[in-house]
Amino acid sequence: MPPPAYNLLDEPWIPVHWSPNASPPPTGEPPDRIGLRELLLRSGSITGLAVTSPPAHSALLRILYALTARVTGLDEVGTRDWGTRLQDVWDEGELPREGIAEYFARYEHRFFLFDPKGGRPWMQDARLAEQCDADKTAGVNKLIVTRASGNNHAWFRADRDARPELPTASEAVLNLLVWHYYGPSGRCSAREVNGTKSASMTAGPLRTALSYHPEGETLFETLLAGLVRPEATVTPTRDQCPWEWDELPDPDKAPRAPAGPCSRLTACSQHALLLVPQGQDGQLVRDAYITWAYRTGRIPRSDPFLIWQVSQQGNPYPRPADSRRALWRDLDALLLKEPPGTAQPRRPEVFAYAVEVSEELRVRALGFEQEAQAKDIQFVSGTTPPVLGFAERDSPRTALPVARLRQFGELYGRRLDRAVKQAWAAYVRDAKAKGDTWAAEAAGRYWPRAEAEFWDRFRRLDRSGTVLDADFDRAGSRAAFLALAVEAYDTVTASVTRTQRGAKAVSDARIGLYGGARKKSSGSTKGQDA
């Protein structure tokens, strides 16, 4: 029986937000979902992706960046200046139709979602049907990362492995991408290659990481702002996406190292998957194989959308996704070439090129708070106002005040956390008491208001470049964040101040909000957190 003819170029699987000015089709309203071909052709009429899962959104953007580089010819340096060619495409206001038609005509056969018998289903490995046990597949509940599977607890819905609700092809593809980029390490379905079975996989290239994407008014602007200049040695024949490979890689050999931006964005997965369709229309997926892609070796992590920092052991690692941390707290690491901090953060590579095309770009952060091995915790997403005009290259007088503003917010957040914990320990007369309940309440009161204060003062900064320090009110900013910390401290500790012991504990710890008690050391006086 032939596989369903579900081709991702034309099947409506990508949810999008249309611009209010988008011209409707003859049939009426623009569709909620479209295929890859229409998405690229009409990217100027789309404000953005409507993918609700941040890791799926992040993964799909990387696929679209690679396709954009291909259809524009910006996947190699070329004979004309790369930046000039990028600006030429930007000025056109749409991706080149000829480039889209030519590329998809060449690779249309590689975008079928189902092609199991020796074929090449998109971003999958058809060999798994023979190399894995068909009676021990992962199942669709495992494929859909928001569902409970196996013996895990179900929180929002009751999913049974024996009778799962079958996902649509669209839902399955988006979760397929999440597995490729954010998949866990550890035990998996056994895969037998060359007579040897293995059942251990390596974590995906973006696992635990938060990625930062320049975002324009339209998807067209967003895709161009996400392109990175290739090295002079990069060629499309070597820098290939998985659907462009002549043959699938040998699982027994070490994985190929990325040869350029396109392979770096799309060909770093450590997982192999295969979707099994339900029926002949290809609209539902009934099963899934999920296992390891390479028995040995790991592809180096070098993604251009991550903030890279250095551990105490001197090893580079991406800044992790943290659902408790608002995006404004990373802003100076996005705008400054050499942000302050002991972790030596390095801003995402893509921002060096995004500022060349527009200063009116926002930043969208997308990620998945996870443990390094297997536990998934929470999706992470956030968006800034237009900020790239404040980047150090274009507005050096503004970028450093932005960093100082963020540092004030962080400083008083740390002091508040420490002060409420000290007050609690003194109140219960237990130096080891953690005071986590007070700390959590204080953080919940302080950080949302600190974020509002940050953006309010951020908008007041002068962008002309003619005013020293961008008219930054240093003393006023410090006092504003301190006032927010004091208010949160007083509210959280108020319940114990009715007793003498509680009032003394709260009063003694309050000094921590101002930097702590002065200590004399070697004849000099130094303050904490000065």
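Being a predicted model, the structure only gives us computed values, none of them experimental.

Chemist: Describe in detail the pattern of salt bridges, supporting the description with residues and values.
Modeler: In this structure the tally under the stated criterion is 29 salt bridges. Of the charged contacts, one joins Arg364 and Glu215 as a salt bridge, the two residues approaching to 2.6 Å between their closest N and O atoms. Of the two residues, Arg364 is situated in strand 11 (residues 362–370) and Glu215 in strand 6 (residues 210–215); the sequence distance between them amounts to 149 residues. On the accessibility criterion, Arg364 (21% relative accessible area) is partly exposed. In this structure, the salt-bridge partner of Arg325 is Glu410, at a minimum N-O distance of 3.5 Å. Taken together, the positions of Arg325 in the loop between strand 10 (316–318) and helix 10 (331–335) and Glu410 in helix 12 (residues 396–428) put the pair 85 residues apart, joining distant regions of the chain. A relative accessible area of 6% means that Glu410 is categorised as buried. One connected set of salt bridges, linked through shared partners, spans Arg319, Arg325, Arg329, Asp330, Arg406 and Glu410.

Chemist: Please set out helix 2 (residues 54–72) residue by residue, giving values where relevant.
Modeler: Spacing of three or four residues puts side chains on the same side of an α-helix, whose turn is 3.6 residues. The end-to-end C-alpha distance of helix 2, which contains 19 residues, comes to 27 Å, matching closely the 27 Å that a straight helix rising 1.5 Å per residue would cover. The buried count for helix 2 comes to 19 of 19 residues, which makes it a mostly enclosed element. In the segment just after helix 2, Gly73 is the residue with positive phi, at about 75°.

Chemist: Lay out the sheet that holds strand 12 (residues 376–383) in plain terms, naming residues and giving numbers.
Modeler: Strand order in the open sheet formed by 3 strands is 6-11-12, and the pairing between neighbours is antiparallel. In this open sheet, the two edge strands, each paired with only one partner strand, are strand 6 and strand 12. Put simply, the sheet's adjacent strands are angled 10° from each other on average, direction ignored. Pairing between strand 11 and strand 12: 7 bridges, direction antiparallel. Bridge pairing in strand 12 links Gly367 to Val380. Packing of helix 2 onto the sheet brings it into contact with strand 6, strand 11 and strand 12, and relative to strand 11 it is tilted by some 125°.

Chemist: Describe empty space enclosed by the protein, with residues and values.
Modeler: For the structure on display, the rule yields 4 cavities of 30 Å³ or more. Estimated volume of the largest cavity: approximately 310 Å³. As for the largest cavity, its lining consists of 25 residues, and the residues nearest its centre are Gln124, His180, Pro242, Trp245 and Leu248. With 3 residues, the single largest contributor to the lining of the largest cavity is strand 7 (residues 271–278).

Chemist: Can you tell me about the packing of helix 14 (residues 474–493) against helix 15 (residues 500–510), naming the residues and giving the values?
Modeler: In the contact formed by helix 14 and helix 15, the axes pass within 11 Å of each other and the chain directions differ by 165°. Classed by the angle they form, the pair helix 14 and helix 15 counts as roughly antiparallel. Judged by the sense of rotation from one axis to the other, the crossing of helix 14 with helix 15 is right-handed. Residues Val486, Tyr489, Asp490 and Thr493 of helix 14 lie in contact with helix 15, whose contacting residues are Ala505, Val506, Ala509 and Arg510.

Chemist: Just give me the short version of the layout of surface pockets, but keep the residues and values in it.
Modeler: Taken as a whole, the second largest pocket spans an internal volume of roughly 410 Å³. Along the wall of the second largest pocket there are 15 residues; nearest its centre are Asp322, Arg324, Arg329, Ala443 and Trp447. Residue assignment for the lining of the second largest pocket shows that the elements contributing at least two residues are helix 12 and helix 13 (436–460). Here the lining of the second largest pocket gets 5 residues from one element, more than from any other, and that element is helix 13. In the lining of the second largest pocket, the residues fall into 7 nonpolar, 1 polar and 7 charged.

Chemist: Residue-level account of the sheet that holds strand 3 (residues 46–49), with values.
Modeler: If you trace the 3 strands from one edge of the open sheet to the other, you get 2-1-3, paired in antiparallel fashion. Looking at the sheet topology across the chains shown, the edges are occupied by strand 2 (33–34) and strand 3. Note that strand 1 (residues 14–18) and strand 2 share 2 bridges and pair antiparallel. Directly across from Pro15, in strand 2, lies its bridge partner Arg33.

Chemist: Describe in detail unusual backbone geometry, supporting the description with residues and values.
Modeler: The phi angle at Thr208 is positive, at roughly 75°, despite the residue not being glycine. By the element assignment, Thr208 lies in the loop between strand 5 (196–201) and strand 6. Using a relative accessible area of 17% as the deciding quantity, one classes Thr208 as buried. One non-glycine residue, Arg429, adopts positive backbone phi at about 55°. The residue Arg429 is located in the loop between helix 12 and helix 13 in this model. What makes Arg429 exposed here is its relative accessible area of 67%.

Chemist: Hey, could you go over a negative patch on the surface for me, with residue numbers and the actual values?
Modeler: Taken together, the side chains of Asp91, Glu92, Glu94 and Glu98 present a region of like negative charge at the surface. Among the structural elements, Asp91 can be located in helix 3 (residues 82–92). Accessibility expressed as a relative area gives 55% for Asp91, which makes it exposed.

Chemist: Which residues make up the packing of aromatic side chains, and what values go with them?
Modeler: Overall, the coordinates contain 21 aromatic pairs when judged by the stated rule. Look at Trp82 and Tyr353: their rings are 5.9 Å apart centre to centre, the planes differ by 75°, and that puts the pair in the edge-to-face class. Here Tyr353 lies in helix 11 (residues 351–357) and Trp82 lies in helix 3, a separation of 271 residues in the sequence. You can call Trp82 buried: its relative accessible area is 1%. Here the aromatic rings of Phe454 and Phe458 are separated by 6.0 Å at their centres, their planes lie at 20°, and the arrangement is stacked. Of the two residues, Phe454 and Phe458 are both situated in helix 13; the distance of 4 residues between them amounts to about one turn of the helix. Overall, Phe454 belongs to the buried group, its relative accessible area being 0%. Members of the aromatic cluster, each reached through a chain of ring pairs, are Trp13, Tyr103, Phe104, Tyr107, Phe111, Trp122 and Trp243. Just above the ring of Phe408 sits the side chain of Arg404; from NZ or CZ to the centre is 5.8 Å.

Basis of the calculations
- Each chain has its residues counted from 1, following the order in which its sequence is written.
- Reporting in this predicted model follows two pLDDT cut-offs: at least 70 for local features of residues, and 80 or more for side-chain atom pairs to be given and counted; totals over whole chains, interfaces and linings ignore these cut-offs and use all residues.
- Only hydrogens and water are set aside; all other atoms, that is, all heavy atoms of the structure, feed into the side-chain values.
- By salt bridge we mean one thing: a side-chain nitrogen of Lys or Arg within 4 Å of a carboxyl oxygen of Asp or Glu.
- The secondary structure listing takes helices from DSSP runs of H or I that are at least 4 residues long and strands from runs of E that are at least 2 residues long, numbered from the N terminus.
- Relative accessibility decides the category of a residue: with a 1.4 Å probe and only protein chains considered, values under 20% of the type maximum give buried, values over 50% give exposed, and everything between is partly exposed.
- Between the first and last residue of a helix there are one fewer steps than residues, each counted as 1.5 Å, and that sum is the expected span.
- A pair of strands is treated as paired once DSSP finds two or more bridges between them.
- Axis lines are fitted to C-alpha atoms, over the contacting stretch for helices. Their N-to-C directions set the angle, which ranges from 0 to 180 degrees.
- Contact criterion: two residues are considered in contact whenever any of their non-hydrogen atoms come within 4.5 Å of each other.
- For each structure, a 1 Å grid was placed over the protein atoms alone; sets of points admitting a 1.4 Å probe that cannot get out are labelled cavities, open sets with protein on both sides within 12 Å along at least five of seven lines are labelled pockets, and lining residues have an atom within 4 Å of a point.
- Grid points are joined across faces, edges and corners, and a volume is the space filled by probe spheres set on the points.
- Our angle categories are set so that under 35 degrees counts as roughly parallel, over 145 as roughly antiparallel, 65 to 115 as roughly perpendicular, and the remainder as oblique.
- Should the near helix be turned anticlockwise from the far one by less than a right angle, the crossing is left-handed, and should it be turned clockwise, the crossing is right-handed.
- In this count, Pro and Cys sit with the nonpolar residues alongside Ala, Val, Leu, Ile, Met, Phe, Trp and Tyr, while Asp, Glu, Lys and Arg are called charged and the others, Gly among them, polar.
- Patches draw on residues past 30% relative accessible area with no salt bridge. Two like charges within 9 Å are joined, as are two nonpolar side chains (Val, Leu, Ile, Met, Phe, Trp, Tyr) within 5 Å.
- Using a 1.4 Å probe, the Shrake-Rupley method yields the accessible areas, and only the shown protein chains count as cover for residues.
- Under the counting rule used here, the positive set is Lys and Arg, the negative set is Asp and Glu, and His together with the chain ends is not counted.
- By convention, the point assigned to a charge is CZ for Arg, NZ for Lys, CD for Glu and CG for Asp.
- Each pair of aromatic rings taken from Phe, Tyr and Trp, with Trp reduced to its six-membered ring, is defined by centres within 6.5 Å and is described as stacked if the planes are under 30 degrees apart, edge-to-face if over 60, and tilted in the remaining cases.
- Should the NZ of a Lys or the CZ of an Arg lie within 6 Å of a ring centre and within 35 degrees of the ring normal, that charge is described as sitting over the ring.

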